[in-house]
Amino acid sequence: MQLFGTIYDKTMAWSKHTYAAYWLSFVSFIEAIFFPIPPDVMLIPMSMAKPQNAFKYAVYTTVASVLGGMIGYFIGLYAFEWVQSLIADWGMQASFDQAKAWFEVWGVAVVFLAGFSPIPYKVFTICAGVMQMVFFPFVITAAVSRFARFILVAKLSAWGGEKYADKIRRSIELIGWGTIALAVVAYTIYQLTK
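Residues numbered from 1 in each chain as written. Predicted model: local features only at pLDDT ≥ 70, side-chain atom pairs only at ≥ 80, totals over all residues. Heavy atoms only, no water.

Taking an unreviewed UniProt entry as the reference, the protein chain is identified by name as DedA family protein belonging to Haemophilus paraphrohaemolyticus.

Trainee: Teacher, can you tell me more about empty space enclosed by the protein here?
Mentor: Rolled over the atoms, a probe sized like a water molecule indicates the empty space that remains. Considering all chains together, one arrives at 1 cavity of 30 Å³ or more under this definition. Volume-wise, the largest cavity comes out at about 40 Å³. It is helix H8 (residues 121–130) that provides the largest number of residues to the lining of the largest cavity, a total of 3 residues. Of the residues in the lining of the largest cavity, the class split is 6 nonpolar, no polar and 1 charged. (1 Å grid on protein atoms, 1.4 Å probe; cavity = no way out; pocket = protein on both sides within 12 Å on 5 of 7 lines; lining within 4 Å. Points joined across faces, edges and corners; volume = space filled by probe spheres on them. Helix = DSSP H or I, 4+ residues; strand = E, 2+ residues; numbered from the N terminus. Nonpolar A, V, L, I, M, F, W, Y, C, P; charged D, E, K, R; others polar.)

Trainee: In this structure, what is going on with the side chain of Arg146? I would like to understand it.
Mentor: Assignment of secondary structure puts Arg146 in helix H9 (residues 135–193). A relative accessible area of 1% means that Arg146 is categorised as buried. At 2.9 Å, the side chain of Arg146 forms a polar contact with the side chain of Ser65. (Buried < 20%, exposed > 50% of the residue type's maximum accessible area, 1.4 Å probe, protein only. Polar contact = N/O pair within 3.5 Å; in protein donor to acceptor, adjacent residues only side chain to side chain.)

Trainee: What's the story with the nonpolar core in this structure? I'm lost.
Mentor: Generally speaking, soluble globular proteins have nonpolar side chains that are buried together. Counting residues in hydrophobic clusters, the biggest one holds 26 residues, and the most contacted among them are Phe96, Phe103 and Phe138. Counting residues per element, the ones that place at least two in this core are helix H4 (54–78), helix H5 (80–89), helix H6 (93–106), helix H7 (109–114), H8 and H9. Residue contributions to this core peak at 6 residues, all from H8. Setting aside anything within four residues of it in sequence, one finds Phe103 in contact with Val110, Val111, Phe124, Cys127, Ala128, Met131 and Met133. Formed by 15 residues, the second largest nonpolar core is a distinct cluster that contains Ala20, Leu24, Ile151 and Ala154. (Core = buried A, V, L, I, M, F, W, Y, C linked by side-chain atoms within 4.5 Å. Contact = heavy atoms within 4.5 Å.)

This is the structure:
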């Protein structure tokens, strides 16, 4: 079944769209609050399609992500009771509990690690508000962390450019189904060890 190839082709087409940078910023902003898909899904093909704009895309993604993270922070600070049930409904309670434990041990340093963690970024932004972290260190650390991640992703993608886009396209079904298989195995192991 050619599911991932079609998605990949669409994503590459969207990455060349006139308004792609705006959509990238929007996805990055809402991902820091509630959206389940990370901005890397757009940042990678956009940087591959237009390597000369990779740095600019990383900056857009960072700024939008930090602004979204600020909203997530205030949700955690002022409206956590409202979103607590959503965290459980979205299956992120374990991730939230883990992030909270890390905050208790390492404080603001966790925000830096959050930029590279497999735990969704929104969990950290909301948790930072719940834990009542000092706001400005949170923002500065988030900006440094997110920029480090997005510039790395953008520049590596740009370095590969269109030549790697074609190679990825040829292997996308294997990559896609392999990722799903790994996620199922990881989830199964997690459930068995709880």
